Amino acid sequence: MAAHMGYSLGTMQMLLVALCAAFCLIAAPAATADSEAGHEHMHGGGLPPTAPDDPDSGADLIGRPAPAWRFDRWIRTEPLSLAGLRGKVVLVRWWTEGCHYCAATLPGLESLRKQHACDGLVVLAAFHPKPPHEVSDRHILTLANELGFGGPIAVDRHWSTLERYWLDGHPDRNWTSVSFLIDRDGIIRWVHSGGEYHRSDDPRHYRCDIQYHDLEAALSAALAAPATARIEE
């Protein structure tokens, strides 16, 4: 049959090899692209991990004194100051309405708040309306209740404290839903540069789970250490 078609058996074999090689060359870029996309998604929400020199990493803030805050008002608590919380470990998370990263994160912070309240942990949820505008306390409370957070809420109406902690001098930073863990001496010990972090067995939220465990480790160390310094406003 091969002779009738005008091709020898050897020629047919060479054509098949060439076709296979061409197919592999065509398929390889697609497979590489799928692999890279999958690797990025494994770090949670399609977000690549940040490098220490990335403006969104916050690594440069660790070990520095936390700035005094100037929130516009407080909900569920009397006004709190960093100096007044001397000897406490403080976790501050900025959040806002319609942020699914905040919705995924706040329930885990509520669990930490309840678990470690007697150990000296204070968890603050700092609401920053986006864009800045007036929001009633009643509406903010409704949002917090829907997200399962029952702790004290600071209202950063004009983003003034968010500017001091994160945005001032860094126009290249892309996130505002940031978190800071402050030790008993008022020193920043852990920073999350935005997005979500929580426990998860879902491979798509691998990074979220890792970062939550990083927070737990930093929190454990901060709770175990005694206060040694005086916090100045």
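About the criteria used
- Residues numbered from 1 in each chain as written.
- Predicted model: local features only at pLDDT ≥ 70, side-chain atom pairs only at ≥ 80, totals over all residues.
- Heavy atoms only, no water.
- Helix = DSSP H or I, 4+ residues; strand = E, 2+ residues; numbered from the N terminus.
- Buried < 20%, exposed > 50% of the residue type's maximum accessible area, 1.4 Å probe, protein only.
- Pairing = 2+ DSSP bridges.
- Axes fitted to C-alpha atoms, helices over the stretch in contact; angles between N-to-C directions.
- Contact = heavy atoms within 4.5 Å.
- Polar contact = N/O pair within 3.5 Å; in protein donor to acceptor, adjacent residues only side chain to side chain.
- Salt bridge = Lys/Arg side-chain N within 4 Å of Asp/Glu carboxyl O.

Chemist: Would you mind going over unusual backbone geometry with me for this structure?
Modeler: Peptide bonds are mostly trans, and most non-glycine residues show a negative phi. Residue Lys130 is joined to Pro131 through a cis peptide bond whose omega torsion reads 0 degrees. If you trace the backbone, Pro131 turns up in the loop between β3 (121-127) and α3 (137-147). At Arg76, a residue that is not glycine, the phi angle is positive and equals roughly 75 degrees. Counting through the fold element by element, Arg76 comes out in the loop between β1 (73-75) and β2 (89-95). Overall, Arg76 belongs to the partly exposed group, its relative accessible area being 35%. We note that Trp159 has phi near 65 degrees; this positive angle belongs to a residue other than glycine. By the element assignment, Trp159 lies in the loop between β4 (153-155) and α4 (160-167). With a relative accessible area of 13%, Trp159 lands in the buried category.

Chemist: Looking at this model, I keep getting lost on the sheet that holds strand β6 (residues 188-192). Mind explaining?
Modeler: Adjacent strands of a sheet pair through backbone hydrogen bonds, lying either parallel or antiparallel. In space, the six strands of this open sheet follow the order β1-β4-β3-β2-β5-β6, with mixed pairing throughout. Unpaired on one side and paired on the other, β1 and β6 mark the two borders of the sheet. Geometrically, the sheet is characterised by an average inter-axis angle of 20 degrees between neighbouring strands, direction not taken into account. When β3 meets β4, the two strands line up parallel, connected through three bridges. When the sheet's bridge partners are listed, Ala126 is paired in β4 with Ala154. Across the sheet, helix α2 (residues 100-116) lies against β2 and β3, angled at about 160 degrees from β2, the strand it touches most.

Chemist: Hey, could you run me through the side chain of Thr96 in this one?
Modeler: Position of Thr96 among the secondary structure elements: in the loop between β2 and α2. Of the polar contacts made by the side chain of Thr96, one reaches the backbone oxygen of His128; its length is 2.8 Å. For Thr96, the residues in contact, after removing those within four places along its chain, are Cys102, Phe127, His128, Pro129 and Lys130.

Chemist: Is there a simple way to think about the pattern of salt bridges in this case?
Modeler: Here the idea is simple: oppositely charged side chains can pair when their charged atoms come close. Tallying each qualifying case throughout the model produces nine salt bridges. Here Arg73 ties to Glu134 by a salt bridge, and the two come within 3.1 Å at their closest N and O atoms. One end of the pair, Arg73, is in strand β1; the other, Glu134, is in the loop between β3 and α3, with 61 residues separating them in the sequence. Given the relative accessible area of 21%, Arg73 is considered partly exposed.

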